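Examining the three-dimensional arrangement
Listed below are the residues making up each chain.
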Amino acid sequence: MSKQVEKPEWARVAEAFEASGQTQRQFAQQRGVRLSTLQSWVYRRRRAATACGAPVRLLSV
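This text gives an overview of the structure that appears in the document. (Residues numbered from 1 in each chain as written. Predicted model: local features only at pLDDT ≥ 70, side-chain atom pairs only at ≥ 80, totals over all residues. Heavy atoms only, no water.)

Digging into the overall build of the protein
Within the protein, the secondary structure is distributed over three helices and zero strands. For the protein, buried positions account for 18% of its 61 residues. Across the protein, the fraction of contacts at a sequence separation of at least 24, relative to all contacts at a separation of at least 6, is 43%. Working note: accessible area of the protein is about 5100 Å², and carbon and sulfur atoms make up 51% of it. (Helix = DSSP H or I, 4+ residues; strand = E, 2+ residues; numbered from the N terminus. Buried < 20%, exposed > 50% of the residue type's maximum accessible area, 1.4 Å probe, protein only. Contact = heavy atoms within 4.5 Å. Areas by Shrake-Rupley, 256 points an atom, 1.4 Å probe, with all protein chains shown as cover.)

Pasting the structure below:
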């Protein structure tokens, strides 16, 4: 992708990668994006998904 890409579009690219079943390198080459950029957005998506998960439950000791 040679043009500047907005956040929502990168979120969709990261989501498409997760559903593709390909390696990050294969997906980046197929889409024509930099591998490091794809890795960054996949990391952000995964991190956001765990942050929105179940709340932490504290137990008394």
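Things to note about the environment of V13
Mapped onto the secondary structure, V13 falls in helix α1 (residues 7-20). On a C-alpha basis, the gap between V13 and V33 in space is 9.8 Å, while along the polypeptide they are 20 residues apart.

Quick notes on the nonpolar core
Listed in full, the 10 residues of the largest apolar core are W10, V13, A14, F17, F27, A28, V33, L38, W41 and V42. Considering each element in turn, this core owes the most residues, four residues, to α1. (Core = buried A, V, L, I, M, F, W, Y, C linked by side-chain atoms within 4.5 Å.)

Looking at the pattern of salt bridges
Here the structure, examined in full by the defined rule, presents one salt bridge. For E18, the salt bridge identified is with R46, shortest N-O distance 2.8 Å. Of this pair, E18 sits in helix α1 while R46 is found in helix α3 (residues 35-51), placing the two residues 28 residues apart along the sequence. Judged by relative accessible area, which is 32%, E18 ranks as partly exposed. (Salt bridge = Lys/Arg side-chain N within 4 Å of Asp/Glu carboxyl O.)

Remarks on the packing of α1 against helix α2 (residues 24-31)
If you want to describe how two helices pack, look at the angle between their axes and the distance between the axes. Interhelical geometry of α1 versus α2 gives an angle of 125° and a closest axis separation of 10 Å. When the interaxial angle is binned, α1 and α2 end up oblique. Where α1 crosses over α2, the two elements pack in a sense that is right-handed. Only Q24, F27 and R31 of α2 make contact with α1, whose side of the interface consists of V13, A16, F17 and S20. Split by residue class, the contact of α1 with α2 holds four nonpolar, two polar and one charged. (Axes fitted to C-alpha atoms, helices over the stretch in contact; angles between N-to-C directions. Parallel < 35°, antiparallel > 145°, perpendicular 65-115°, else oblique. Left-handed = near helix turned anticlockwise from the far one by under 90°. Nonpolar A, V, L, I, M, F, W, Y, C, P; charged D, E, K, R; others polar.)

What about the packing of aromatic side chains?
Tallying each qualifying case throughout the model produces one aromatic pair. Judged by centre distance (5.6 Å) and plane angle (70°), the ring pair of F17 and F27 falls under edge-to-face. One end of the pair, F17, is in helix α1; the other, F27, is in helix α2, and 10 residues separate them in sequence. Each member of the pair, F17 as well as F27, is classed as buried. Positioned above the aromatic ring of W41, the side-chain terminus of R44 is 4.3 Å from the ring centre. (Phe/Tyr/Trp six-rings, centres within 6.5 Å; stacked < 30°, edge-to-face > 60°. Lys NZ or Arg CZ within 6 Å of the ring centre and 35° of its normal.)

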